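Survey of secondary and tertiary structure
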Amino acid sequence: MNAKKESKKPPKDNLVHFSIDGRRVQAQPDWTILETARAHRLHIPTLCFHPAIHPWGSCRLCVVETRLNDKVEVTASCLTKPVAGLEVLTHSSRVMNVRRWVLEMLLAECPASREIKELAAQYGVTSTRFAILDPEEECLKCGRCVAVCHEVVGVQALTFGSRGVAKKLETPYRVPNNACIGCGCCVSVCPTGALQARLDTVRGDLSRRTGHGFAH
Amino acid sequence: MKKIKNTAGLQTLRQTLLEAQDPEMPVVRVCLGPGCLALGAEKVARAFKSAVRNKKIKARVQPLIKGTGCHGFCSQGTLVSLSPANLFYVRVKPEDVAEIVATSLEQGRTVERLLYSDNGARYRSAAEIPFYRAQQKIILKNVGIIDPLDINDALMAGGYQSLAKVLTEMSPEEVLKTVEVSGLRGRGGGGFPTGYKWRRAADNARENPGPVYVIANGEEGDPGAFMDRSIMEGDPHKVIEGMIIGAYALGANQGYLFVRHEYPLAIHHFSIALRQARNRGLLGKNILGSGFDFDLQINRGAGAYVCGEETAIIASLEGRAGEPRTRPPYPAQEGLWGRPTVINNVETWANVPHIMEKGADWYTGLGVPHSTGTKIFSLVGKVKNTGLVEVPMGISLGALVEGIGGGVPGQTHFKAVQTGGPSGGIIPYELKEIFTDYHYHPEEFIAAKKEISVDFDSMAQTGSIMGGGGMIVMDDHDCVVDVARYFLRFLEEESCGKCLPCRLGLKGMLEFLNRFARGQGSPEDIDALESLGQALVDGSLCGLGRAAPNPVLTSIRFFRDEYLAHIVDHKCPAGVCRDLISYQIDPETCNGCGLCAQECPEACITGKKKKLFTIGQEACIRCGVCQDVCPVQAVQVA
Ligand SMILES: Cc1cc2nc3c(=O)[nH]c(=O)nc-3n(C[C@H](O)[C@H](O)[C@H](O)COP(=O)(O)O)c2cc1C
Ligand code: SF4
Ligand code: FES
Ligand code: FES
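Notes on the structure in this doc start here. (Residues numbered from 1 in each chain as written. Chains lettered and ligands numbered in written order. Predicted model: local features only at pLDDT ≥ 70, side-chain atom pairs only at ≥ 80, totals over all residues. Heavy atoms only, no water.)

With that settled, consider the site of ligand 2. Looking at ligand 2, the residues that line it are Val306, Ser495, Cys496, Gly497, Lys498, Cys499, Cys502, Ser540, Leu541, Cys542, Leu544 and Gly545 of chain B. Across the shell around ligand 2, the residue classes break down as seven nonpolar, four polar and one charged. (Near = heavy atom within 4 Å. Nonpolar A, V, L, I, M, F, W, Y, C, P; charged D, E, K, R; others polar.)

Next up, the structure:
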């Protein structure tokens, strides 16, 4: 339970003081490392994170190295809250190793996505050693759409089916879902546009598309 | 069954039960543990029972037949022990029962041929056998002795005495303190200090009043491991008692036994134990008249490996999919239903009553500093005595494998051990030499000692883990690439797929190993595999992905030569990887019987009877059937 230990005497301002890449930064008590970095205009790449939903932690692109005393860890910045005195490194060799491998995996996971190709190229990753299963695939199973549907829209029209490598974005029980109100939130949060093509497999009754079937 | 009203009542009941025991009453104990059951123990037990029921026995008192949990020496099953004669019979078959009844029970003599013998020595009782002599059974003391379905048996063996002591003599704070001082660390794999975990949960509950929960993790997903299973099946009351004590310390009123679905016997024994404990007033409202309420409920795990992870267990209990979530917050902060929750492994809980009974000082006297107490291992693989063993922490690996395990049959020493289950590592026998050969080893470890000490920290220093206690012994005929591949395949299937590094990374690592096993790849690929493994260690969300590369990383670290042999020389030194071996018939030894040609499924062996036979390498699929059937061992792996 190496959880956060707030320093004994919190500074008067109630902020958490720590550093990112050597720069002193301050976080509101409930901020994550990522939120703090963004507030200070420091860049950490992300894919599954979206401010409208709870962080899900699936893509692992946002990992950073944290140091406190002699404890060194690599952890997802979108989920981890900073503690006073923490040293955060966003480009250490361990971080870059994770990031490059993740991007290489993404090139195989969603080879059709232009966004992913561009992102990977920024980190010098232009080819992949992983097997490409479906050259047309764009979905990286980041979970944004599932979360936005549940947390923001308030229905559960989307879910993940199967597990492991077979994991797939699906509607519950793999049938078009009447819970879907056709709002398109999922499409708007999708980082690669994969949902655009799938929306029709999600929506249920045709009547719902025209709108008059909403009220039960 | 009468409710016990208070601790005095418990003592009176125990006294009455003990006095009612006839010391001359013959008791036959038949091991009904997993190993013996597989060897037909149930038939043996039934044969004893029918022999008694049919009143064929002319002894003065009718013997009692007890089915027990695993006695440990599984390779010698079915085990049968007789008291008060103190006889220990091994490899008992149903056919032997009549003779045991006639000779030992009726005439009081020994059936010599059923005694365990080794190197010319015969052993009458279990305690004399080297396999048992070097062990220190504390948690397993009752397992294999008591009848797990009878609470009276547990009570006579001292069950619930610690609970009585705790409820009358100790405050919750004192219990907490004792666990902290004992240095007990979690037996579920991580070795996390239990006292610290409890303290955190208690503190959180105080700051934020409301319910607290305790959970026993009985998922035991490691293939081949049966430590927890044996405790749950053989002495369920010990786990229950430990949990009540923990609940008392933490102020919890509800607990859960999370047991994997594949352990129906453990679930059955638990449910009977819970009912009996409730009837006796040891569970439920106002336990032993103390005013403390606590109850337990059994939940079945669906059996996925990752469902043994604590946050996945909590998700399952809450009715969600068994996927891990990120920690922190840890369960001690926000666990079940968002409330502070202590989740401990079954073996960890079973330690608690012993610590309360004999004190923290006694406990720290066992084992080594930082790893106190004993640990149960399931010793399997290329070792003479396979089974369940309990030893003090810090025993040397050699003493465990060669002393208790009796070493590798026919070889001077073992090649390596795989510890800690699928997320553990592969550690070579000659660790010290190998450590000095390479450049990246922890200096202090080299200086420490030649023998690897089996404790949490030393294991971690090798890059492996203690894990739940699985220990697979490997000899020269085991290929490290193949073993690493086996575990990776297991984990790839078990990955929940939530996070990318684990979902795709394990598959990618497996692809590397598959190529190596075919003799393909380059030395640079080994480096790439290492860096990919490191990316999983650093990048994965939960412990599964973070520990999954361990078998690969440790085997590369210690056996890089063996990897290179596959890739550069296209050879599998252990003769395992099919694409890299060939079967040859030694012309000197072959007697021309032709059996191999008959059995070969590909019909690629040709020759004339009474003359030499040869294998057509083109068509050979290297199934090894010829080697198995050859009566003169003429078929060799090249
Ligand atoms: C993938 C994975 C599988 C696990 N499986 C088990 C298990 O089968 N049994 C167990 O007791 N702990 C298992 N654990 C560890 C638990 O998460 C948890 O740490 C443990 O139950 C805590 O108990 P302890 O402190 O008594 O060891 C597993 C962890 C991970 C990451
Ligand atoms: S590491 Fe593997 S098992 Fe754990 S959350 Fe990620 S995908 Fe699931
Ligand atoms: S952005 Fe943090 S894990 Fe995806
Ligand atoms: S099952 Fe009988 S000794 Fe292990």
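What follows covers helix 21 (residues 500-517) of chain B. Residue and element names in this part refer to chain B. Between its first and last C-alpha, helix 21 extends 25 Å over 18 residues, near the 26 Å set by a 1.5 Å rise per residue. The element helix 21 is largely enclosed, with a buried count of 15 among its 18 residues. Within two residues after helix 21, glycine 519 carries a phi angle of roughly 80 degrees, on the positive side. (Helix = DSSP H or I, 4+ residues; strand = E, 2+ residues; numbered from the N terminus. Expected span 1.5 Å × (residues − 1). Buried < 20%, exposed > 50% of the residue type's maximum accessible area, 1.4 Å probe, protein only.)

Take the pattern of salt bridges next. Within the structure shown, the criterion is met by 31 salt bridges over all chains. Between lysine 167 of chain A and glutamate 323 of chain B there is a salt bridge, with its nearest N and O atoms 2.9 Å apart. With lysine 167 of chain A in the loop between strand 6 (159-161) and strand 7 (168-170) and glutamate 323 of chain B in the loop between helix 13 (310-317) and strand 10 (341-345), the pair connects residues from two separate chains. By relative accessible area, which is 3% here, lysine 167 of chain A ends up buried. A relative accessible area of 23% places glutamate 323 of chain B in the partly exposed class. The network of salt bridges with shared partners includes Glu109 and Lys141 of chain A together with Arg503 of chain B. (Salt bridge = Lys/Arg side-chain N within 4 Å of Asp/Glu carboxyl O.)

Below, the discussion takes up the interface of chain B and chain A. Taken together, the contacts link 38 residues of chain B with 31 residues of chain A. Overall, the association of chain B and chain A removes approximately 3000 Å² of surface from exposure, summing both partners, and the carbon and sulfur fraction of that is 59%. The largest share of the area that chain B buries against chain A comes from Leu500, Arg503 and Asp538 of chain B, three residues that together contribute 20% of it. If you look at where chain B meets chain A, you find 14 residue pairs in polar contact (both at pLDDT 80 or more). Where the side of chain B that touches chain A is concerned, the elements lending two or more residues are helix 9 (194-207), helix 20 (480-494), helix 21 and helix 22 (523-539) of chain B. Among the residues forming the side of chain B that touches chain A, the class breakdown is 16 nonpolar, ten polar and twelve charged. (Contact = heavy atoms within 4.5 Å. Buried area = accessible area lost by both parts, 1.4 Å probe. Polar contact = N/O pair within 3.5 Å; in protein donor to acceptor, adjacent residues only side chain to side chain.)

Residue and element names in this part refer to chain B. Using the criterion set out here, one finds 17 aromatic pairs over all chains in the structure. Both rings, one in phenylalanine 131 and one in tyrosine 132, keep their centres 5.1 Å apart while their planes meet at 80 degrees; by these two values the pair is edge-to-face. Look at phenylalanine 192 and tyrosine 196: their rings are 6.0 Å apart centre to centre, the planes differ by 35 degrees, and that puts the pair in the tilted class. With a relative accessible area of 27%, phenylalanine 192 lands in the partly exposed category. Ring pairing ties together the aromatic residues Phe73, Phe88, Tyr116, Tyr123, Phe131 and Tyr132, which thus form one cluster. The positively charged end of arginine 260 is found above the aromatic ring belonging to tyrosine 263, 5.5 Å away from the centroid. (Phe/Tyr/Trp six-rings, centres within 6.5 Å; stacked < 30°, edge-to-face > 60°. Lys NZ or Arg CZ within 6 Å of the ring centre and 35° of its normal.)

This paragraph deals with the packing of helix 11 (residues 236-250) of chain B against helix 12 (residues 264-279) of chain B. Residue and element names in this part refer to chain B. For the pair helix 11 and helix 12, the least separation of the axes is 9 Å and the interaxial angle reads 60 degrees. Considering the angle they form, helix 11 stands oblique to helix 12. Crossing of helix 11 against helix 12: the hand is right-handed. Residue-level inspection shows Pro236, His237, Val239 and Ile240 of helix 11 in contact with helix 12, the latter providing His269, Phe270, Ala273, Leu274 and Gln276. Taken together, the residues of the contact of helix 11 with helix 12 break down into six nonpolar, three polar and no charged. (Axes fitted to C-alpha atoms, helices over the stretch in contact; angles between N-to-C directions. Parallel < 35°, antiparallel > 145°, perpendicular 65-115°, else oblique. Left-handed = near helix turned anticlockwise from the far one by under 90°.)

Quick look at the packing of helix 2 (residues 93-109) of chain A against helix 22 of chain B now. Across the interface, helix 2 of chain A lies against helix 22 of chain B with an axial gap of 9 Å and an inter-helix angle of 100 degrees. On the basis of their axis angle, the class for helix 2 of chain A and helix 22 of chain B is roughly perpendicular. Where helix 2 of chain A abuts helix 22 of chain B, its residues Arg94, Asn97, Val98, Trp101 and Met105 of chain A lie against Ala528, Ser531, Leu532, Gln534, Ala535, Leu536, Asp538 and Gly539 of chain B. In terms of residue class, the contact of helix 2 of chain A with helix 22 of chain B is built from seven nonpolar, four polar and two charged.

A word on the site of ligand 1. Residues and elements named next belong to chain B. Lining the immediate surroundings of ligand 1 are 18 residues, of which Gly188, Asn217, Asn344, Asn345 and Thr348 lie closest. At 2.9 Å, a backbone N or O of glutamate 310 approaches an oxygen atom of ligand 1. Coverage of ligand 1 by the protein chains reaches 88% of its 610 Å² of free accessible surface. Secondary-structure elements contributing two or more residues to the shell around ligand 1 are strand 10 and helix 23 (543-547). At three residues, strand 10 tops the list of elements feeding residues into the shell around ligand 1. Classifying every residue of the shell around ligand 1 by side-chain character gives three nonpolar, nine polar and six charged. (Areas by Shrake-Rupley, 256 points an atom, 1.4 Å probe, with all protein chains shown as cover.)

Residue and element names in this part refer to chain B. Read across the sheet, four strands follow the order 9-8-7-10 without closing on themselves; strand pairing throughout is parallel. Two strands lie at the open edges of the sheet, namely strand 9 (295-301) and strand 10, each paired on one side alone. Sheet twist, expressed as the average angle between the axes of neighbouring strands with direction ignored, equals 20 degrees. One ladder, built from five bridges, connects strand 7 (residues 213-218) with strand 10; its direction is parallel. Looking across to strand 10, one finds that asparagine 217 is bridged to asparagine 345. Across the sheet, helix 11 lies against strand 7, strand 8 (254-260), strand 9 and strand 10, angled at about 150 degrees from strand 7, the strand it touches most. (Pairing = 2+ DSSP bridges.)

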